[in-house]
Amino acid sequence: MFDLGDSMLMVATDRLSAFDVVLPTGIPCKGHVLTQLSAFWFDLLNTPHHMVSVDFERIAAVVRAAGGDPRPELSGRSMLVRKAKPVKLECVVRGYISGSLWKEYRQAGGPDRTVELHGISLPAGLQESQRLEEPIFTPATKADTGHDENIGMKEAAEIVGADLLEELRRRSLSLYMQASDHAARAGLILADTKFEFGTCDSELILIDEVLTPDSSRYWEAGVYRPGSSPPSFDKQYVRDYLEGLNWDKTPPGPELPEHVVQETTKKYVEAFRRLTGRELAEVNG
């Protein structure tokens, strides 16, 4: 993040973290995918947001005016955005029970019985990755280090206030439905995602990156089956590789072999192509 005075410059790198450790091996094209896919969604979604431009000539002019050096390697991975004060919540929407929610569900006694998690009642008998009757809003704390923590609506209201929380819930569910419908037309399932919001000139706006493989779990609709964890278009391939190593998940992280790097790049680029209908080279020149 770079402060340009009236605006900010967001630069997405190719760095990748797993188990809260930044790995020494980058994933080529990852930063471009995060930036350009976010730009696609900001243009598509019906909501106010912080993006000003991803046009590098315009960005370079603003950077120079602020006394900076718009290096060519920033092209394609840079986004000029409005300044905003972040809301201190992660706005998570889940259409399917997977990931941390599935783990919590099992630990609480599901699928053998109905359980309540963070103020939400989940029925008995759910399978891993099963579609929920309707999407649910599960806010989380924004951790400076380590994992974000799922919390209930009562705890979330204590952080941001009841009125703002209700607006965040309403907008997050609406955005999830818009994105889920679009992903379905591309043959993908948007299992869950995370939104971040901020305030700018007293307006609540969508900020950060949005609906990328780093913040969202996308599955291939054609091979989806409940009862297991479907392959996803994100860094899960890296996590699976690391789980097979004799590594204690503390820094420094291990180098990734070339085949893992290539396969992960393919997943990011394929997610971009499927969701936007464009090749990444088209937006990067």
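Attention in this report is confined to the structure presented alongside it. (Residues numbered from 1 in each chain as written. Predicted model: local features only at pLDDT ≥ 70, side-chain atom pairs only at ≥ 80, totals over all residues. Heavy atoms only, no water.)

For the rest of this paragraph, the subject is the environment of Ser-121. Residue position: Ser-121 is located in strand S10 (residues 120-122). Note: C-alpha distance between Ser-121 and Pro-230 (109 residues apart in sequence) is 24 Å. When sequence neighbours within four positions are dropped, the list of residues in contact with Ser-121 reads Thr-114, Val-115 and Glu-116. (Helix = DSSP H or I, 4+ residues; strand = E, 2+ residues; numbered from the N terminus. Contact = heavy atoms within 4.5 Å.)

What follows deals with the environment of Phe-197. With respect to the secondary-structure elements, Phe-197 resides in strand S12 (residues 188-200). The buried category is assigned to Phe-197, whose relative accessible area is 1%. Between the C-alpha atoms of Phe-197 and Lys-85, which are 112 residues apart in sequence, the distance is 8.5 Å. (Buried < 20%, exposed > 50% of the residue type's maximum accessible area, 1.4 Å probe, protein only.)

This next bit is on the pattern of salt bridges. Counted according to the given criterion, the structure contains 17 salt bridges. Between Asp-3 and Lys-83 there is a salt bridge; the shortest N-O distance is 2.9 Å. Within this pair, whereas Asp-3 is found in strand S1 (residues 2-3), its partner Lys-83 is found in the loop between strand S6 (78-82) and strand S7 (85-86), the two being separated by 80 residues in sequence. Lys-83 sits in the partly exposed class, given a relative accessible area of 32%. The salt bridge involving Glu-220 is made with Arg-274; its shortest N-O contact spans 2.9 Å. Of this pair, Glu-220 sits in strand S14 (residues 216-220) while Arg-274 sits in helix H7 (residues 258-276); the two residues are 54 residues apart in sequence, bridging distant segments of the chain. Here Glu-220 falls in the partly exposed class, since its relative accessible area comes to 24%. The structure contains a network of salt bridges with shared partners spanning Glu-90, Lys-194, Glu-196 and Asp-208. (Salt bridge = Lys/Arg side-chain N within 4 Å of Asp/Glu carboxyl O.)

With that settled, consider the layout of surface pockets. In this structure, the second largest pocket encloses a volume near 310 Å³. Around the second largest pocket sit 15 residues that line it, and Ile-120, Ser-121, Leu-122, Glu-134 and Ile-136 are the ones nearest its centre. Looking at the lining of the second largest pocket, the elements that each hand over two or more residues are S10, strand S11 (131-137) and helix H5 (162-185). Split into classes, the residues belonging to the lining of the second largest pocket amount to 10 nonpolar, two polar and three charged. (1 Å grid on protein atoms, 1.4 Å probe; cavity = no way out; pocket = protein on both sides within 12 Å on 5 of 7 lines; lining within 4 Å. Points joined across faces, edges and corners; volume = space filled by probe spheres on them. Nonpolar A, V, L, I, M, F, W, Y, C, P; charged D, E, K, R; others polar.)

Here Gly-110 and Pro-111 are connected by a cis peptide whose omega angle stands at 0 degrees. Relative to the helices and strands, Pro-111 resides in the loop between helix H3 (99-107) and strand S9 (115-117). Following Pro-251, the chain continues to Pro-252 via a peptide bond in cis, the omega torsion being 0 degrees. Mapped onto the fold, Pro-252 is located in the loop between helix H6 (236-243) and H7.

Here we come to helix H1 (residues 30-44). Between the first and last C-alpha of H1 there are 21 Å, a value that for 15 residues agrees with the 21 Å anticipated at 1.5 Å per step. Counting buried positions over the 15 residues of H1 gives 12, a clear majority of the element. For H1, the complete set of buried residues consists of Lys-30, Gly-31, His-32, Val-33, Leu-34, Thr-35, Gln-36, Leu-37, Ser-38, Ala-39, Trp-41 and Phe-42. (Expected span 1.5 Å × (residues − 1).)

All told, the structure shown has six aromatic pairs when counted by the stated rule. Taking the centre distance of 5.7 Å and the plane angle of 80 degrees together, the rings of Tyr-96 and Tyr-224 count as edge-to-face. Of this pair, Tyr-96 sits in strand S8 (residues 91-96) while Tyr-224 sits in the loop between S14 and H6, and the two are 128 residues apart along the sequence. The class of Tyr-224 is buried, set by a relative accessible area of 15%. Taken together, Tyr-96, Trp-219 and Tyr-224 form an aromatic cluster joined through their ring pairs. The ring of Phe-19 carries the charged tip of Lys-249 above its face, separated from the ring centre by 4.3 Å. (Phe/Tyr/Trp six-rings, centres within 6.5 Å; stacked < 30°, edge-to-face > 60°. Lys NZ or Arg CZ within 6 Å of the ring centre and 35° of its normal.)

The next subject is the side chain of Ser-129. Tracing the backbone shows Ser-129 in the loop between S10 and S11. Once you skip the residues sitting within four places of it in the chain, Ser-129 turns out to touch Tyr-96, Ile-97, Ser-98, Trp-219, Tyr-224, Ser-228, Ser-229 and Pro-230.

As summarised here, the arrangement of the four strands in space is S1-S2-S6-S5, forming an open sheet in which the pairing is antiparallel. The open sheet is flanked by S1 and strand S5 (51-53), the only strands paired with a single partner. In the sheet, S1 pairs with strand S2 (residues 7-11) via two bridges, with the strands oriented antiparallel. The residue of S2 that forms the bridge with Phe-2 is Leu-9. Strands in contact with H1 are S5 and S6; relative to S6, the strand with the most contacts, it is inclined by about 40 degrees. Where helix H2 (residues 56-65) meets the sheet, it contacts S2, S5 and S6, and its direction lies at approximately 65 degrees from that of S6. (Pairing = 2+ DSSP bridges. Axes fitted to C-alpha atoms, helices over the stretch in contact; angles between N-to-C directions.)

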